[in-house]
Amino acid sequence: MINHIRKLFELEKQPHKRLFALEWVVLAYVVFTLLVIFFTYTKVQNPDSLILGRVKIVIITFALWAVYRMMPCRFTRMTRVLGQMALLSWWYPDTYELNRVFPNLDHLFASAEQWLFGCQPSLLFYEKMPWPLFSELMDLGYASYYPLMAIVLYWYFFRRYGEFERASVIVLASFFLYYVVYIFLPVTGPMFYFHAIGLDQAAQGVFPNVGHYFSSHTDYLPTPGWTDGICYWMVEVAHAAGERPTAAFPSSHVGVSTVLMLLVWHARSKKLFWALMPIYLLLCFSTVYIQAHYAIDAIAGLITGWLIWLLLMWLTRSLVEEEKPAKARKPKKMKS
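Because the structure is predicted, anything quoted here is derived from the model rather than measured. (Residues numbered from 1 in each chain as written. Predicted model: local features only at pLDDT ≥ 70, side-chain atom pairs only at ≥ 80, totals over all residues. Heavy atoms only, no water.)

Draft legend 1. Spatial organisation of the pattern of salt bridges. Throughout the structure, instances matching the rule amount to 6 salt bridges. Glu12 serves as the salt-bridge partner of Arg77, at 3.1 Å between the closest nitrogen and oxygen. Taken as a pair, Arg77 in helix α4 (residues 74-86) and Glu12 in the loop between α1 (2-8) and α2 (21-39) lie far apart in primary sequence, 65 residues in all. In this structure, Arg77 and Glu12 share a single accessibility class: buried. Ionic contacts of the salt-bridge type, sharing partners, join the residues Arg160, Glu163 and Arg166 into one network. (Salt bridge = Lys/Arg side-chain N within 4 Å of Asp/Glu carboxyl O. Helix = DSSP H or I, 4+ residues; strand = E, 2+ residues; numbered from the N terminus. Buried < 20%, exposed > 50% of the residue type's maximum accessible area, 1.4 Å probe, protein only.)

The structure is reproduced here in structure tokens:
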């Protein structure tokens, strides 16, 4: 244990002088969203506060870089990564501030769901399986989203340090790729849309166009499930803290968790992969059970998760080579 702690604070012989790839991804997203804000400046609410928020994130990024430069070690390296991961809680509701200038598209996705399944699975799932234990398992799966990410990244940090930077870039870039989609594809999901149109109309397959309704309304349906459960309470707290009418299609819960599972499989840790598999499956199904997503959102999340993983694995292939120490060649023995 002492050796592990000592290794965390052991100064690196060849510290990384520039920004990490993960931080370049953050800065690229900052620039991209700034352009969106400038082009929609007269329509976005409180554009100045959005710009100020991005300035603060840039300052935080360079402050973490400066701390690492003063003390280049694994601990400060990990701090730089965890700092950016923590800021995802700010970036997620930010997508709502940008996409609320566009008209809502839920009527198209709810209609596609009805055409594909002949019903609304998000309405029937809980109705068919309302049992307290099953409800708690679904809520447990949904609440495990960020803990799943933490487990995978910590595992890479302590077990496959040479690929830690690559894994963290892939995870963060996955989030931002989904956020780009959410900015231009304003779909809220059943919990918001069905509350707006009424459950009776949703059950009858009537899906009116609500236009810009969600630009000023953020009410949503009560989460279905066993209301006395601990996991139900955790989901409700998360919703109250940062849920917005945004980010429904594709499901980033399913997409990013798929990326995480593929990262574990890539690391050939079969024990960890199969240990996390039940949580992953619960998470995928829970997105529809608690009415956060349409079933097509979850399916699209699964497909895009695979595609994003393949793309980012290819784009970040050089990061592993940078982390691997060069092996010294042994001199050949001369024959006598």
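Following the structure, the description resumes.
Draft legend 2. Layout of the packing of helix α14 (residues 252-266) against helix α15 (residues 270-289). Two elements in contact, α14 and α15, have axes separated by 10 Å at closest approach and are oriented at 170°. Judged by the angle between their axes, α14 and α15 are roughly antiparallel. Two secondary-structure elements touch here, α14 through His253, Val254, Ser257, Thr258, Met261, Val264 and Trp265 and α15 through Leu272, Phe273, Leu276, Met277, Tyr280, Leu283, Cys284 and Thr287. A breakdown of the residues in the contact of α14 with α15 according to their chemical character gives 11 nonpolar, 4 polar and no charged. (Axes fitted to C-alpha atoms, helices over the stretch in contact; angles between N-to-C directions. Parallel < 35°, antiparallel > 145°, perpendicular 65-115°, else oblique. Contact = heavy atoms within 4.5 Å. Nonpolar A, V, L, I, M, F, W, Y, C, P; charged D, E, K, R; others polar.)

Draft legend 3. Examining the packing of aromatic side chains more closely. Going through the model one piece at a time under the given rule, you end up with 34 aromatic pairs. Between the aromatic rings of Tyr29 and Trp91, the centroid separation amounts to 5.0 Å while the plane-to-plane angle is 85°, which identifies the pairing as edge-to-face. With Tyr29 in helix α2 and Trp91 in helix α5 (residues 88-99), this pair connects stretches of sequence that are 62 residues apart. Each member of the pair Tyr29 and Trp91 is classed as buried. An angle of 45° between the planes, with centres 6.0 Å apart, marks the rings of Phe102 and Phe184 as tilted. Here Phe102, found in the loop between α5 and α6 (106-117), pairs with Phe184, found in helix α10 (residues 164-184); they are 82 residues apart in sequence, far enough to count as distant. (Phe/Tyr/Trp six-rings, centres within 6.5 Å; stacked < 30°, edge-to-face > 60°.)

Draft legend 4. Spatial organisation of the nonpolar core. Ranked by size, the top nonpolar core spans 92 residues in total, and within it Met85, Tyr179, Tyr193, Phe194 and Leu263 carry the most contacts. Considering every element that reaches this core, the biggest residue donor is α10, with 13 residues. When residues no more than four places from it in sequence are discounted, the contact partners of Tyr179 are Tyr29, Leu88, Trp91, Tyr92 and Thr95. (Core = buried A, V, L, I, M, F, W, Y, C linked by side-chain atoms within 4.5 Å.)

Draft legend 5. Region of interest: α4. Under the 1.5 Å per step criterion, the end-to-end length of α4 is 18 Å for 13 residues, consistent within 8% with the ideal 18 Å. Among the residues of α4, Thr76, Arg77, Met78, Arg80, Val81, Gln84 and Met85 are the ones counted as buried. (Expected span 1.5 Å × (residues − 1).)

Draft legend 6. Representation of the packing of α4 against α10. Direction vectors running N to C along α4 and α10 enclose 10°, while the axes themselves pass 11 Å from each other. The orientation of α4 with respect to α10, classified from their angle, is roughly parallel. On α10, the residues touching Arg77, Met78, Val81, Gln84 and Met85 of α4 are Phe164, Glu165, Ser168, Val171 and Leu172. Across the contact of α4 with α10, the residue classes break down as 6 nonpolar, 2 polar and 2 charged.

Draft legend 7. Examining a nonpolar patch on the surface more closely. Residues Trp115, Leu116, Phe117, Ile299, Leu302, Ile303, Trp306, Leu307 and Leu310 make up a contiguous nonpolar surface patch of about 970 Å² in total accessible area. Within the residue set of the nonpolar patch, elements represented by two or more residues are α6 and α16 (295-315). Among the elements that line the nonpolar patch, the one with the most residues is α16, at 6 residues. Within the element layout of this structure, Trp115 appears in helix α6. (Patch = residues over 30% accessible without salt bridge, like charges linked within 9 Å, V, L, I, M, F, W, Y side chains within 5 Å. Areas by Shrake-Rupley, 256 points an atom, 1.4 Å probe, with all protein chains shown as cover.)

Draft legend 8. View of helix α8 (residues 132-143). Compared with the 16 Å implied by 1.5 Å per residue over 12 residues, the 16 Å span of α8 between its first and last C-alpha is a close match. Where α8 is concerned, the buried positions are Ser135, Glu136, Met138, Asp139, Gly141 and Tyr142. Along its buried surface, α8 packs onto α7 (121-128), α9 (145-159), α13 (230-242), α14 and α15.

Draft legend 9. Here's a closer look at the environment of Glu10. Here Glu10 lies in the loop between α1 and α2. Residue Glu10 is classed as exposed on the basis of its relative accessible area, which comes to 51%. Setting aside residues no more than four positions away along its own chain, Glu10 makes contact with Pro72 and Cys73.

Draft legend 10. Highlighting the side chain of Glu243. Along the chain, Glu243 falls in the loop between α13 and α14. Within the buried set, Glu243 has no salt-bridge partner at all; the shortest N-O distance to an opposite charge, 7.4 Å, is to Arg244. A distance of 2.5 Å separates polar atoms of two side chains, one belonging to Glu243 and the other to Tyr92. Those residues in contact with Glu243, other than ones at most four positions away along the chain, are Tyr92, Tyr142, Met191, Phe192 and Ala238. (Lys, Arg positive; Asp, Glu negative; His and termini not counted. Polar contact = N/O pair within 3.5 Å; in protein donor to acceptor, adjacent residues only side chain to side chain.)

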